[in-house]
Amino acid sequence: MKIGVVADDFTGASDIALTLAEAGMSTAQYIGVPEGPADPDLGAGVVALKSRTAPVAEAVSQSLAACDWLRAQGAEQIIFKVCSTFDSTPEGNIGPVLDALAEKLGAETVITCPAFPENGRSVYMGHLFVGETLLNECGMQDHPLTPMTDADLRRWLALQSDQPVGHVSARVVAAGAQAIRDAMPEKGHVIVDAIQDDDLWTIGAAAAGARLLCGGSGIALGLPANFGAKPATPNWAPVTGAGIVLSGSCSRATRGQVETYAAKAASREVTAETVMSGAATVETLAEWALSQPGVPMIYSSADPVVVRAAQDQFGREAVAGRIETLFSDLAAHLADRGVQRIVVAGGETSGAVVSGLGATRLAIGPRIAAGVPLVRAEGRELALALKSGNFGGPDFFEQALRQMEGA
Ligand SMILES: Nc1ncnc2c1ncn2[C@@H]1O[C@H](COP(=O)(O)OP(=O)(O)O)[C@@H](O)[C@H]1O
Ligand SMILES: O=C(O)[C@@H](O)C(=O)COP(=O)(O)O
């Protein structure tokens, strides 16, 4: 293994696994830190953690364990994969995890760049933009768990770490890899601007030999070439069994996808109230889903006003946790009853679902949309799509289900 990735959530893990696979690295996604060794022919291993919103100490210890395992498999370069919208809070978890990884790996400086231009995320003057909008005005300020209220990544990361936070500007990046290396400070975090894919390729070249980097999946664009990899299209063997769409993401793009899919297929909402009161049960939802024609959808996705009201009534963590548990148990139940295609929307939700399914290793297939591959749970006839909240076009759910069948 050449490149090892510690990913702070499951959709993010499959996002960067796709980037690495398309860059020509033989790549596998692991669910949590594996107990046994990796396939020795693997070019890249991605360990998916559910640490983005975990308590800081837990996120740090899980990430260090993942890093140890990846290093033991031979990984020469470690990437800490975070969200392209830098999802975190003033307390963490990005800063504390990076500080711990840097200490373990002896990395004096660490490049951080969450840019993902293909999905509209760019970094300019240290500020993160989503499309034409600053991060804190794009809807992410209302995220149920990690409201992003400041687009200045230098200021946000400085809240989370005692290390200095420097900056390498777009002008320096445009001057090339050597200019980036010359501009790097001697110590601490460095936010590096990137506006287009070419910038990420340049940053990749500048980071040859770096022990640790941090970013969204875009940070991996230019790294495989340092190890001689050549672009490739991942393989896929069709899966045609029964399907389900599960959506616990409340992000803007998902809410549009839920609306589009609900107009075409059987759909059922589970509200926070019914989950918290126990009225929404796995058995009733599964019976309903299994008796529908086509591929039904079950969703808790709701707009920010509804989410906030539920959080005020039940507590943010409590309601999120109960909804995630419901999706986790429901997915396990449906898979036991023969469902073979599962489309999941939401990073935390995907983490819950994949854990519920007991999958340990995912094989990476071709892309459904930028940042979202088809994945297959190894050892089972089970196709999954783990969609990040804000990724994919309006028809994503239908598109994913059809591609699983080989369309
Ligand atoms: N109706 C709701 N009210 C409150 N919280 C919700 C609701 N629906 C989902 N959630 C929670 O919101 C979080 C959404 O996060 P996630 O699944 O990562 O989506 P995204 O990828 O859009 O961020 C999950 O923890 C989920 O359980
Ligand atoms: O980098 C990204 O944006 C994604 O890979 C990702 O991590 C998204 O997380 P969720 O929106 O929580 O799914």
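Residues numbered from 1 in each chain as written. Chains lettered and ligands numbered in written order. Predicted model: local features only at pLDDT ≥ 70, side-chain atom pairs only at ≥ 80, totals over all residues. Heavy atoms only, no water.

Q: What am I meant to see in the overall build of the protein here?
A: Counting secondary structure elements, the protein contains 14 helices and 18 strands. For 407 residues, the compact-globule estimate of 2.2 N^0.38 gives 22 Å, and the C-alpha radius of gyration of the protein, at 20 Å, lies within 12% of that figure. If one aligns the C-alpha atoms of the protein with their principal axes, the spans along those axes are about 65 × 45 × 35 Å. Evaluated residue by residue, the protein yields a buried proportion of 58% over its 407 residues. The long-range share in the protein, meaning contacts at least 24 apart out of those at least 6 apart in sequence, stands at 75%. (Helix = DSSP H or I, 4+ residues; strand = E, 2+ residues; numbered from the N terminus. Rg over C-alpha atoms; globule rule 2.2 N^0.38 Å. Buried < 20%, exposed > 50% of the residue type's maximum accessible area, 1.4 Å probe, protein only. Contact = heavy atoms within 4.5 Å.)

Q: Would you mind showing me how to read the nonpolar core here?
A: Side chains of nonpolar character tend, in soluble globular proteins, to be buried together. Counting 114 residues, the largest nonpolar core has Ile203 and Ile298 as the members making the most contacts within it. No other element matches the eight residues that helix α12 (residues 316-336) contributes to this core. Looking at which domains feed residues into this core, each of domain 1 (3-227) and domain 2 (242-404) gives three or more. Once residues within four sequence positions are removed from consideration, isoleucine 298 is found in contact with Ile244, Val245, Leu246, Ser247, Arg268, Val270, Leu285, Trp288, Ala289, Phe327 and Leu330. In this structure, Phe116, Ala265, Ala345 and Val372 belong to the second largest nonpolar core, which totals 24 residues. (Core = buried A, V, L, I, M, F, W, Y, C linked by side-chain atoms within 4.5 Å. Domains from an automatic or database assignment.)

Q: How should unusual backbone geometry be read in this particular structure?
A: Glycine aside, negative phi is the norm for most residues, and most peptide bonds take the trans geometry. Following glycine 92, the chain continues into asparagine 93 via a peptide bond in cis, with omega recorded as 5°. Within the secondary structure, asparagine 93 is located in the loop between β4 (77-81) and α3 (94-105). Of note in the backbone geometry, phenylalanine 86 takes a positive phi value of approximately 55° without being a glycine. Tracing the backbone shows phenylalanine 86 in the loop between β4 and α3. Looking at phenylalanine 86, the relative accessible area reads 0%, which means it is buried. One non-glycine residue, methionine 125, lies in the positive phi region at around 50°. In this fold, methionine 125 is placed in the loop between β6 (121-124) and β7 (127-130).

Q: What should I look at first to understand the site of ligand 1 in this one?
A: Among the 19 residues in the neighbourhood of ligand 1, the closest are listed as His143, Ser249, Ser251, Glu324 and Thr349. Within the side chain of serine 300, an N or O atom sits 2.8 Å from a nitrogen atom of ligand 1. At 2.7 Å from an oxygen atom of ligand 1 is found a main-chain nitrogen or oxygen belonging to glutamate 348. When ligand 1 sits alone it has 570 Å² of accessible area, and the protein chains cover 95% of it. Structurally, ligand 1 is housed in the largest pocket. Sorting the residues of the shell around ligand 1 by element identifies α12 and α13 (347-357) as the ones contributing at least two each. Counting residues per element, the shell around ligand 1 draws most heavily on α12, at four residues. (Near = heavy atom within 4 Å. Polar contact = N/O pair within 3.5 Å; in protein donor to acceptor, adjacent residues only side chain to side chain. Areas by Shrake-Rupley, 256 points an atom, 1.4 Å probe, with all protein chains shown as cover. 1 Å grid on protein atoms, 1.4 Å probe; cavity = no way out; pocket = protein on both sides within 12 Å on 5 of 7 lines; lining within 4 Å. Sits in = over half its atoms within 2 Å of the grid points.)

Q: What exactly am I supposed to notice about the side chain of threonine 254 here?
A: Relative to the helices and strands, threonine 254 resides in helix α8 (residues 252-262). Polar side-chain contacts of threonine 254 include one of 2.7 Å to the side chain of serine 249. The contact partners of threonine 254, leaving out residues within four places of it in the chain, are Ser247, Ser249, Ser301, Ala345, Lys387, Gly389 and Phe397.

Q: Could you clarify how one ought to interpret the side chain of serine 300 in this entry?
A: By secondary structure assignment, the location of serine 300 is in the loop between β14 (297-299) and α11 (304-314). Owing to a relative accessible area of 9%, serine 300 belongs among the buried residues under this scheme.

Q: What is the right way to look at the domain arrangement of the protein in this model?
A: Reports often express the size of an interface as the amount of accessible area lost when the parts come together. Along its sequence, the protein is organised into domain 1 (3-227) and domain 2 (242-404). Here the C-alpha centroids of domain 1 and domain 2 sit 26 Å apart. Taken together, the contact pairs 32 residues of domain 1 with 36 residues of domain 2. The junction of domain 1 with domain 2 conceals about 2,600 Å² of combined surface from both sides, 56% of it contributed by carbon and sulfur atoms. Its largest share of buried area at the contact with domain 2, domain 1 owes to Thr11, Leu18 and Lys50, together 21% of the area lost on that side. At the junction of domain 1 and domain 2, the tally comes to five salt bridges. (Buried area = accessible area lost by both parts, 1.4 Å probe. Salt bridge = Lys/Arg side-chain N within 4 Å of Asp/Glu carboxyl O.)

Q: I keep staring at empty space enclosed by the protein and nothing clicks. Help me out?
A: It is a probe the size of a water molecule, rolled over the atoms, that shows where empty space is left. What the rule picks out here adds up to one cavity of 30 Å³ or more. Looking at the largest cavity, its volume works out to about 30 Å³. As for the largest cavity, its lining consists of Gln257, Thr260, Tyr261, Lys264, Pro394, Asp395, Phe396, Phe397 and Glu398. At the level of secondary structure, the elements contributing two or more residues to the lining of the largest cavity comprise α8 and α14 (396-404). For the lining of the largest cavity, the residue count by class is four nonpolar, two polar and three charged. (Points joined across faces, edges and corners; volume = space filled by probe spheres on them. Nonpolar A, V, L, I, M, F, W, Y, C, P; charged D, E, K, R; others polar.)

Q: Teacher, can you tell me more about the site of ligand 2 here?
A: Lining the immediate surroundings of ligand 2 are 14 residues, of which Thr11, Asp15, Arg52, Lys81 and Ser84 lie closest. Lysine 81 places a side-chain nitrogen or oxygen 2.9 Å from an oxygen atom of ligand 2. Contact between ligand 2 and serine 84: an oxygen atom at 2.5 Å from a side-chain N or O atom of the residue. For ligand 2, the protein covers 94% of the area, taking 350 Å² as the surface of the free molecule. Of all the cavities here, the one that holds ligand 2 is the largest pocket. When residues in the shell around ligand 2 are grouped by element, the largest group, three residues, is from helix α1 (residues 10-22).

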